[in-house]
Amino acid sequence: MAALRGCAAGLWRRAASAAAGFRGRGPGRGYAVGPAQPSPRGVALAGRKGAPATESAGPPERAPRLSLGLLPPSSPKLPGVFRLPVFLLTSPPTFGFLLDIDGVLVRGHRVIPAALKAFRRLVNAQGQLRVPVVFVTNAGNISQHCKAQELSALLGFEVEPDQVILSHSPMKLFSQYHGKRMLVSGQGPLVENAQELGFKNVVSVDELRVAFPVLDMVDLQRRPKTTPLPRNGFPTIEGVLLLGEPVRWETSLQLIIDVLLSNGSPGTGVATAPYPHLPVLASNMDLLWMAEARMPRFGHGTFLLCLETIYRKVTGRELQYKALMGKPSILTYQYAEELIRQQAERRGWAAPIQRLYAVGDNPMSDVYGANLFHQYLQMAKCEGAEKLGAGGLWKQRPSAAQSCASILVCTGVYSPTALGSTEPVQGGEEPPFHGHRDFGFSPGLMEASHIVNDVDEAVQLVLHKEGWAL
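Residues numbered from 1 in each chain as written. Predicted model: local features only at pLDDT ≥ 70, side-chain atom pairs only at ≥ 80, totals over all residues. Heavy atoms only, no water.

Caption draft 1: Inspection of the overall build of the protein chain at higher detail. Helix and strand content of the protein chain: 11 helices and 17 strands. Looking at the protein chain as a whole, 49% of its 470 residues are labelled buried. Accessible area for the protein chain stands at about 22,900 Å²; split by element, carbon and sulfur atoms hold 55% of it. (Helix = DSSP H or I, 4+ residues; strand = E, 2+ residues; numbered from the N terminus. Buried < 20%, exposed > 50% of the residue type's maximum accessible area, 1.4 Å probe, protein only. Areas by Shrake-Rupley, 256 points an atom, 1.4 Å probe, with all protein chains shown as cover.)

As structure tokens, then:
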């Protein structure tokens, strides 16, 4: 392979110096060679990474591109054209994208037009991605398979389920809880999602409410008309899974608190609440998210805030989590990087993926998480990833990624002029902290590497930085 790379490099140099129109190289410059035309035997090189296509005045619409044209067998030699075998021109990508979904690619059920433009740049003529892409969303009330189908229909190319990371996907790693009887909260295919994550014995909030109807008393219409007999023999609950925001918050808040205060036996009374309480695993800490409405909507982070506040008010103690996942959790980004690596291997891209670009619309989850992961990668170089791992849960191969750049778009939660922006408010006060209490507040981690209008601008920015054709 080393010899092959050396041969290829030599051919590139000879091609560049022999071809007409050579303009030299400098920082950010490449070779500009004459116009390309079709040929089945080889390819023609024109305007390679960064050199201006012409000397005419006025800025071009987009950055100069690599033009690969095929020359017909009988065509005469053209000035400025040098034939090279195709395999010498196809270098594997060394970078990948982590794309948020809501507010970046879609708003509710509507695709954002810039997303279609972006994927016209990222998908080749065969309908395959030119670089590895993983969709990292904090949504969790849907299955991976259904989310992949939904994205395929919206974006116009096939998205595989293992390209989608839901907020709770890393729960697959928590095998020590998979055999326990867990109460699961959220909506959508709850039981199916929990089972797909590896949990073998789950009970939903609705099932618990049916078993103990006198526990749910807020809605007068749902109160039992007669006093039911006490329920005996209901198996003890051993933990709580919070997969996403539920529909009836009052019911879920009441029954989850009942389970925690009763140590898993909500049909019985207890004099003193146990502490530490049963294990709680939660995903999706987004306080807000963006749908079709002009203002952000409550997310699962708002539900968690309610649960934590009620528990603290009732018991005088803090609700504790065994795991919090979804962005901005480092574990979620480790999981995403592993899927990027697997995707590259399946495509036969041998070069390691060294640079990740995380595109999102939420400063607190997308930007904070990407910057936190970048910080982790830098620390891991010095201290070793083993010392910084997620409590021994992450047992994959050492990270090949060297950086994770955060790119913030203005099509979702973030707006430079909106309430809750990361910009300092009037009077120099700090902006409101929308993150989860367990992550603390580090203003520097909310500063994006780049701010662009939309995902298409984000993709153009990355391709230009990487020297790829737009």
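Caption draft 2: View of the sheet that holds strand β10 (residues 239-242). Taken in spatial order, the five strands make up an open sheet running β9-β8-β10-β11-β14, and their pairing is parallel. The open sheet is flanked by β9 (201-204) and β14 (323-325), the only strands paired with a single partner. Within this sheet the neighbouring strands show an average axis-to-axis angle of 20°, counted without direction. The sheet contact formed by strand β8 (residues 181-185) and β10 spans four bridges and is parallel. Note on β10: the bridge partner recorded for V184 is L241. Contacting β8, β10, β11 (280-283) and β14, helix α7 (residues 300-315) crosses the sheet at an angle of about 145° to β10. (Pairing = 2+ DSSP bridges. Axes fitted to C-alpha atoms, helices over the stretch in contact; angles between N-to-C directions. Contact = heavy atoms within 4.5 Å.)

Caption draft 3: Examining helix α6 (residues 249-261) more closely. Between its terminal C-alpha atoms α6 stretches 18 Å, which fits the 18 Å expected from 13 residues at 1.5 Å a residue. With 10 of 13 residues buried, α6 lies mostly within the body of the structure. Among the residues making up α6, those that are buried are T251, S252, L253, L255, I256, I257, D258, V259, L260 and L261. Buried residues along α6 sit against β8, α5 (205-211), β10, β11 and α7. (Expected span 1.5 Å × (residues − 1).)

Caption draft 4: The packing of helix α8 (residues 330-346) against helix α9 (residues 363-383), seen in detail. As a packed pair, α8 and α9 sit with axes 9 Å apart at the nearest point and diverge in direction by 75°. Considering their axes alone, α8 and α9 lie roughly perpendicular with respect to each other. For the pair α8 and α9, the contacting residues are I330, Y333, Q334 and E337 in the first and S365, D366, G369, A370, L372, F373 and Y376 in the second. Among the residues forming the contact of α8 with α9, the class breakdown is six nonpolar, three polar and two charged. (Parallel < 35°, antiparallel > 145°, perpendicular 65-115°, else oblique. Nonpolar A, V, L, I, M, F, W, Y, C, P; charged D, E, K, R; others polar.)

Caption draft 5: Molecular detail of the pattern of salt bridges. Applying the stated criterion to the full structure yields 16 salt bridges. A salt bridge links R222 to D216; the shortest N-O distance between them is 2.8 Å. On the basis of relative accessible area, R222 is assigned to the partly exposed category, the value being 23%. Classification of D216 by relative accessible area gives buried; the value is 1%. Each member of the salt-bridge network shares a partner with another, and the members are E308, R312, E318, R437 and D438. (Salt bridge = Lys/Arg side-chain N within 4 Å of Asp/Glu carboxyl O.)

Caption draft 6: Representation of the environment of L287 in the model. Residue placement: L287 occurs in the loop between β11 and β12 (288-289). Residue classification places L287 among the partly exposed positions, given a relative accessible area of 21%. Expressed as a C-alpha distance, the spacing of L287 and M364, which sit 77 residues apart in the sequence, is 9.0 Å. Beyond its immediate stretch of four places on either side in the chain, L287 contacts R297, F298, G299, G301, T302, L305 and H434.

Caption draft 7: Structural detail: the packing of α6 against α7. Their axes nearest at 11 Å, the elements α6 and α7 cross at an angle of 45°. Taken together, the axes of α6 and α7 are oblique relative to one another. In the packing of α6 onto α7, the handedness of the crossing is right-handed. Mapping the contact onto sequence places W249, S252, L253, I256, I257, L260 and L261 in α6 and T302, F303, C306, L307, I310, Y311, V314 and T315 in α7. Taken together, the residues of the contact of α6 with α7 break down into 12 nonpolar, three polar and no charged. (Left-handed = near helix turned anticlockwise from the far one by under 90°.)

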